[in-house]
Structures are given as C-alpha cells and as structure tokens.
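What follows is each chain in one-letter form.
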Amino acid sequence: MAEKNDKTGASIQQETQKLKRALTLFPLSGLIYFTVCGGSFGIEPLIGYAGPGLALFLIALTPIIFSLPNLLIVQELQTMMPAQGGYYHWIKRAFGPFAGFLAGWNNWVVSWLDVSIYPVFAALYLSAFIPALDNGATIFGIAVSAGFLQWLVAVVMIWFVAWLQIRGSRVTGLFTNSLGVLMIIPLGLLAILGFYAWFKSGVTPQLPFLPGGETINFDSLTAAFSTGLFVVMWNYMGWELPSAAGDEVVEPRKTYPRAMVIVLVLSILTYSLPVVGALYGGAGEDGRYAIWGIEASDEEAGIAPDVEAYGVSSEQIDSWGVSSATDVTGWEFPQIGQIVAAKITGDPNSALGVFMVTILTISAVLSMTGLFIGNSLGGSRVPFALAEDGMFPRWMVKVHPKHGSPYVAILVVSVIYTIFATNAFEFLVVADVFLQLLVVLAEIAALWMLRRTEPNRPCTRVPGGMVGLIVASVSLAGIILIAFYSQIVEAGWGSIGVALALMSVGAALYYPFRKYLKPGVPDVDPFEASPE
C-alpha cells in the first residue's frame, strides 16, 4: 500500500511539474485587470440607483477602503505562498483542510455563477449588430428563439476561450492585453468628448448627491448607499482570484504585487474618467442621470415606475429617446456616448453619435470577452490545485504536454460554463458576491493566523507594521460587513440562503473526497515555489 501511495504522489507531482511559468508582468496585469475591472461597463447602475454625487464619492472612496486593503492583504499572502491554488492554500494552512476546501469550493461555484454571465452579456451587446439575437430568426424554415441564438454565441465564446487557455497562460494574457487596448480606446474617447462638451458649454450641471435630489437623512442615505455599495464592490472585486495560477507566474513574489499596483491605477482611471466626463458632458444634466443603468422591476410596465420615484416624468424619459412604457433598460455607455455626442453636435442622430454608439458597443463586447477570460482563469486552476492536493479527482491534474496548461480542468469548467450560460440558473447569481466576500473575510483571518503561526516566512508585508495590518483588516472587513447588513435590510435573506445552500453542498462533498480521493496524495507545500 505504501508503495502504491508513493507512486500516486509521484505521478501527480510529475504531472504538475509540466506547468509552464509563462506569465510575466504585462500578461499577468491584463488577466488581473479583466478579473477586477474589465472596463467601465457595469458601473452605470451605480449612477442611476445611488445618485451621481454618492456614486462619484463611492468610486473615489472604494479603492481606498476596499481595493487597497484587499490588494495589500492578498500581496502578503501571495508572496508568502505563491503556489498554484492561491487562496485555497492560504486558508488551508491557517485553519485546516476543511476550511481550505470550502474556500476553494466557494470561489469555484462563484465562477459558475458569475463567469457564465459574461458570454451572455456579450451576445446581448452583439444584438445591436445582429438583430436576430434580439428578435429570433427563421433558419431553414425553423423558428429559432433569440435566447437560443444568444446561447449559441455564448457557447462559441466559451470554447474559443477554452482553446486559448489550453494554448497557455502567456498566450491568454497577451490576448487580454490586446483586448484591453482595443476596449479602452472608445472609453477614453468618451471621456475626452465629455470633458470637451463640458468645457465648451461653459456650464457645470448641478448634480444632486442622492437620486432625485432626495433629502439626505439616515433612511435615504442607507437605501442609496446599500445599493450603490454592492454595485461598486462587484466592480472592484477579484484581487485574489488570479493567485490560483501561482505556479504559472514568472517570479510570482515580485510580479504579482507589481501587476496589482498597475491594475489598481488602471481601474480607478477606467471607472472615474468616462463617468465624470459623461455626467458633466451632457448625459447627467436635467435629471438624465436617473436612467443610467436602470432596469425595470416590472418588464410589462417599462422603466417609468422605477424612475418616476426620483421625480422624473414619463414625458421627460420619452424626450431623451427612451420609451418609458416599453423599454426595460435605461442608458448604458453606448447610449451615453450618443448623448455626449449630441451635446457637441446638437443632433442626437449625428455621424459622431452613431460612431460613438458603434465603437462603445464593440468595446462592451470586448469587455465581456476579457472579463470571461480573466475570471475563468481561477475557475480552472482551483480544481487543478484541489486535485493536486488530493481533494478532487486525480485526472484533473493532467497538464498539456506541449503548452503546459491544465487542459483537463479547462475542458471540465468549459462544459459547466456552457450549461450555466443557458440562463436557467440566473436566480443563483445573487449569491455570488456573498460567497466571494466570505472568502475575502477568511483571507483576512488567515493572514492574522499566519502572522502568529508562520512569523518568519519571507513575504511582502502590509506596510505600517501592526498598525497597518489593523487598518487594512478593519477597513476591508468593515465594508464587507456593512455590505452584508445592507443587503439583508434591502433584499432579505434570500440570496444569503442560496449561498449557504451552495456552501453546504461543498461541505457534504469534503468528507467523501477526503476519504476516497486523498489517500496516497501528500499535501502540497505552498511555501515551496516550483522551479522557474
């Protein structure tokens, strides 16, 4: 039996050593950028639901009290343990194999729920160019629904990205860099045009702090803050996810921290400049900010009931080119770009307006593609790391002999993404933020535990000594707990109940996996980085 166990461990180790360290600074930066940010798309609801003043405040404040502490804590843990699997090993080392398994399971489930959304969103944006994706089509005499066509587009994207990832992490990272450059140009142009329109008009719109200029009091501020906080946190989350590819990063103790700093700066600029430029360049004046990112709570009634609560009449909404009675969504960046262009030209249907709609829609498709690539990286690496540690089926550790990528894990998660891209599981998406933030809380606790149990491990520590660690921990944990409380107050326990149910599945799987898969597989040493 001992000989068999030795052979099992040796065969897994032999397979994992085929992983290629190919992620240098800029490819890794591209992957982290599309994990954490991925462009300005998705920030629009922050303006409509939280109000422009509070939205700008949150865009400025969140990187300081949420992203920076998160970055510093992840940096210390990742430079201490740069192994494949990242946060799985951090939490396992601090609190034992059960806690580590649940952390890995939680974020793997998050990848099913969250990552599968992006190909569907890409298909929805493409419907601007391919009407069949919105209206359906008849193909060879057979009526095909819009939903099925959207799913087909999503499937093509999922399997293209699977092929790309099998080709290796460096190829994937360089591809995201190309996407990022092409995606950011239209957003940069929107910002430039917005500031130009603002300065040209010589008028600064008076934008209220809360939606509809509500009086600032505890109830109104709490309602707007809770909604806005979840939106902005969702747009700034994910710093720890690429750490799951630790054995594929060149000099991970140096490269990962540098990449995170680059991404933090890019993320702040990506969110702030287009939003400020567009708000003051025409898309925020006369109450227009109220329809940014709004989704109708009742599709049959349109967006009017949702926006009229902020003092905007149906006539105003209709005059802005949005049907208050039939449209179920308000403005996103393609429409916002058209409004900014109209501010400059005086014509909403000008050539500049059409151009802005077109390039920003293309930018949105590129953004969704990049977000899918960046977030799916951890989706395949976590099961690989669990299998390497004996907690998932051993065939998950298969590495491509030529490209050095965990190709079996990539294929498995691509099948899962294909299933979840059907939208049949859309109701589960509400649980993904809660699950991911639970892992972040566990990372904070893990760092405190490891400071005590592994005090002499080399790493890049949170600056400021013990005071710096306290400030980072309290800031990050505090905003997460506020977000949980606000979510419960506003939406009840439903999403948290779903999240706990998904966690219980992982907890139930742990014991049979530990009993039947772990024997013969030694624990991975997360402090020992594999050879460069």
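Everything that follows concerns the structure shown earlier in this document.
Peer 1: Please explain the overall build of the protein chain as it appears in this structure.
Peer 2: Helices and strands together make up the secondary structure of the protein chain, namely 20 helices and two strands. The C-alpha radius of gyration computed for the protein chain amounts to 24 Å, which stays within 12% of the reference 24 Å derived for 532 residues, consistent with globular compactness. C-alpha atoms of the protein chain, sized along the principal axes, occupy 80 × 65 × 40 Å. The burial tally for the protein chain puts 57% of its 532 residues in the buried class. A fraction of 81% describes how many contacts in the protein chain between residues 6 or more apart in sequence connect residues 24 or more apart. Carbon and sulfur atoms make up 66% of the accessible area of the protein chain, which totals about 21200 Å². Positive and negative side-chain charges in the protein chain, numbering 26 and 37 respectively, have mean positions lying 20 Å apart.

Peer 1: Is there a simple way to explain the packing of aromatic side chains in this structure?
Peer 2: One pair of aromatic rings is described through two measures. These are the centre distance and the angle between the planes. Taken as a whole, this structure holds 27 aromatic pairs when the rule is applied. Here the aromatic rings of Phe98 and Tyr511 are separated by 5.9 Å at their centres, their planes lie at 25 degrees, and the arrangement is stacked. Of this pair, Phe98 sits in helix α6 (residues 97–115) while Tyr511 sits in helix α20 (residues 494–516), placing them 413 residues apart in sequence. Given a relative accessible area of 54%, Tyr511 falls into the exposed group. Plain terms: the ring middles of Trp108 and Phe392 are 5.2 Å apart, the flat faces sit at 70 degrees to each other, and that makes the pair edge-to-face. Residue Trp108 is found in helix α6, and its partner Phe392 is found in the loop between α16 (351–388) and α17 (407–420); the two are separated by 284 residues along the sequence. When its relative accessible area of 7% is taken as the criterion, Trp108 is described as buried.

Peer 1: Would you take a moment to explain the nonpolar core for this structure?
Peer 2: Nonpolar side chains tend toward joint burial in soluble globular proteins. Ranked by internal contacts, the top residues of the largest apolar core, which has 158 residues, are Ile32, Leu46, Phe66, Trp239, Trp292 and Ile480. Filtering out sequence-adjacent residues up to four positions away, Ile32 remains in contact with Trp239, Pro242, Tyr256, Ala259, Met260 and Val263.

Peer 1: Is there a simple way to think about a nonpolar patch on the surface in this case?
Peer 2: A cluster of nonpolar residues, Phe57, Phe209, Ile216 and Leu221, forms a patch on the protein surface that exposes about 340 Å² of accessible area. A relative accessible area of 41% places Phe57 in the partly exposed class.

Peer 1: Can you help me understand the side chain of Ser314 in this one?
Peer 2: By the secondary structure assignment, Ser314 is in helix α14 (residues 314–319). Once residues within four sequence positions are removed from consideration, Ser314 is found in contact with Ala304, Glu308 and Ser324.

Peer 1: What is the right way to look at unusual backbone geometry in this model?
Peer 2: A negative phi angle characterises most non-glycine residues, just as the trans form characterises most peptide bonds. With a phi angle near 45 degrees, Glu251 is a residue other than glycine that sits in the positive phi range. Since its relative accessible area comes to 42%, Glu251 is described here as partly exposed. Residues other than glycine seldom take positive phi values, yet Asp286 does so here, at roughly 55 degrees. Along the chain, the position of Asp286 falls in the loop between α12 (252–283) and α13 (304–308).

Peer 1: Whenever I open this one, the packing of helix α15 (residues 333–345) against α16 confuses me. Can you help?
Peer 2: Helix-helix packing is characterised by the crossing angle of the two axes and by the distance between the axes. Where α15 contacts α16, the two axes come as close as 8 Å, and the packing angle between them is 155 degrees. Accordingly, the angle class assigned to the pair α15 and α16 is roughly antiparallel. For the crossing formed where α15 meets α16, the hand is right-handed. Taking contact as the criterion, the partners of Phe333, Pro334, Gly337, Gln338, Ala341 and Thr345 in α15 are, on α16, Leu352, Gly353, Met356, Val357, Leu360 and Thr361.

Peer 1: Just checking my understanding: could you explain helix α10 (residues 169–201) for this structure?
Peer 2: Every α-helix carries 3.6 residues per turn, so stepping three or four residues along brings you back to the same face. Spanning 33 residues, α10 covers 48 Å between terminal C-alpha atoms, matching the ideal 48 Å at 1.5 Å per step. Gly202 lies just past α10 and shows a positive phi near 70 degrees.

Peer 1: When you look at a negative patch on the surface in this model, what are you seeing that I'm missing?
Peer 2: Residues Glu295, Asp298, Glu299 and Glu300 make up a contiguous surface patch of negative charge. In this structure Asp298 comes out as partly exposed when scored by relative accessible area, which is 40%.

Peer 1: What exactly am I supposed to notice about the environment of Ala301 here?
Peer 2: Along the chain, Ala301 falls in the loop between α12 and α13. The exposure class assigned to Ala301 is partly exposed, which follows from its relative accessible area of 30%. Discounting chain neighbours no more than four positions away, the residues touching Ala301 are Ser324 and Ala325.

Peer 1: Which parts of the structure should I look at to understand the packing of helix α9 (residues 146–166) against α17?
Peer 2: Two numbers describe how α9 lies on α17: the axes approach to 10 Å, and their chain directions differ by 170 degrees. If you check the angle between α9 and α17, you find them roughly antiparallel. In this structure, α9 contributes Trp151, Val155, Ile158, Trp159, Ala162, Gln165 and Ile166 to the contact, and α17 contributes Tyr407, Ile410, Leu411, Ser414, Val415, Tyr417 and Thr418. Residue classes in the contact of α9 with α17 are distributed as 11 nonpolar, three polar and no charged.

Peer 1: What am I meant to see in the environment of Gly39 here?
Peer 2: Tracing the backbone through its elements, the reader meets Gly39 in the loop between α2 (25–36) and α3 (44–50). With a relative accessible area of 0%, Gly39 lands in the buried category. Not counting the four nearest positions on each side in its chain, Gly39 is found in contact with Tyr33, Met183, Leu187, Thr270, Tyr271 and Ser367.

Peer 1: Sorry if this is basic, but what is going on with the pattern of salt bridges here?
Peer 2: Close approach of charged atoms lets side chains of opposite charge pair. Summed over the entire model, instances satisfying the criterion amount to 10 salt bridges. In this structure, Arg451 engages Glu76 in a salt bridge whose closest nitrogen and oxygen atoms are separated by 2.7 Å. A residue pair is termed long-range when its members are at least 10 positions apart, and Arg451 in helix α18 (residues 432–453) and Glu76 in helix α4 (residues 52–80) qualify at 375 residues. The closest approach of N and O atoms between Glu454 and Arg93, which form a salt bridge, is 3.0 Å.

Peer 1: Looking at this structure, I do not really get the side chain of Ser475. What am I missing?
Peer 2: Topologically, Ser475 is positioned in helix α19 (residues 465–491). In this structure the side chain of Ser475 is engaged in a polar contact, spanning 2.6 Å, whose partner is the backbone oxygen of Ile65. With near-sequence residues (within four places) excluded, Ser475 lies in contact with Ile65 and Pro69.

Peer 1: So what exactly am I meant to see when it comes to the environment of Ala132 here?
Peer 2: Counting through the fold element by element, Ala132 comes out in helix α8 (residues 132–135). Between the C-alpha atoms of Ala132 and Ala146, which are 14 residues apart in sequence, the distance is 6.3 Å. Setting aside anything within four residues of it in sequence, one finds Ala132 in contact with Ala137, Ala146 and Leu149.

Calculation rules
Residues numbered from 1 in each chain as written. Predicted model: local features only at pLDDT ≥ 70, side-chain atom pairs only at ≥ 80, totals over all residues. Heavy atoms only, no water. Helix = DSSP H or I, 4+ residues; strand = E, 2+ residues; numbered from the N terminus. Rg over C-alpha atoms; globule rule 2.2 N^0.38 Å. Buried < 20%, exposed > 50% of the residue type's maximum accessible area, 1.4 Å probe, protein only. Contact = heavy atoms within 4.5 Å. Areas by Shrake-Rupley, 256 points an atom, 1.4 Å probe, with all protein chains shown as cover. Lys, Arg positive; Asp, Glu negative; His and termini not counted. Charge placed at Lys NZ, Arg CZ, Asp CG, Glu CD. Phe/Tyr/Trp six-rings, centres within 6.5 Å; stacked < 30°, edge-to-face > 60°. Core = buried A, V, L, I, M, F, W, Y, C linked by side-chain atoms within 4.5 Å. Patch = residues over 30% accessible without salt bridge, like charges linked within 9 Å, V, L, I, M, F, W, Y side chains within 5 Å. Salt bridge = Lys/Arg side-chain N within 4 Å of Asp/Glu carboxyl O. Axes fitted to C-alpha atoms, helices over the stretch in contact; angles between N-to-C directions. Parallel < 35°, antiparallel > 145°, perpendicular 65-115°, else oblique. Left-handed = near helix turned anticlockwise from the far one by under 90°. Expected span 1.5 Å × (residues − 1). Nonpolar A, V, L, I, M, F, W, Y, C, P; charged D, E, K, R; others polar. Polar contact = N/O pair within 3.5 Å; in protein donor to acceptor, adjacent residues only side chain to side chain.

By themselves, these figures tell us nothing about what the structure is for.
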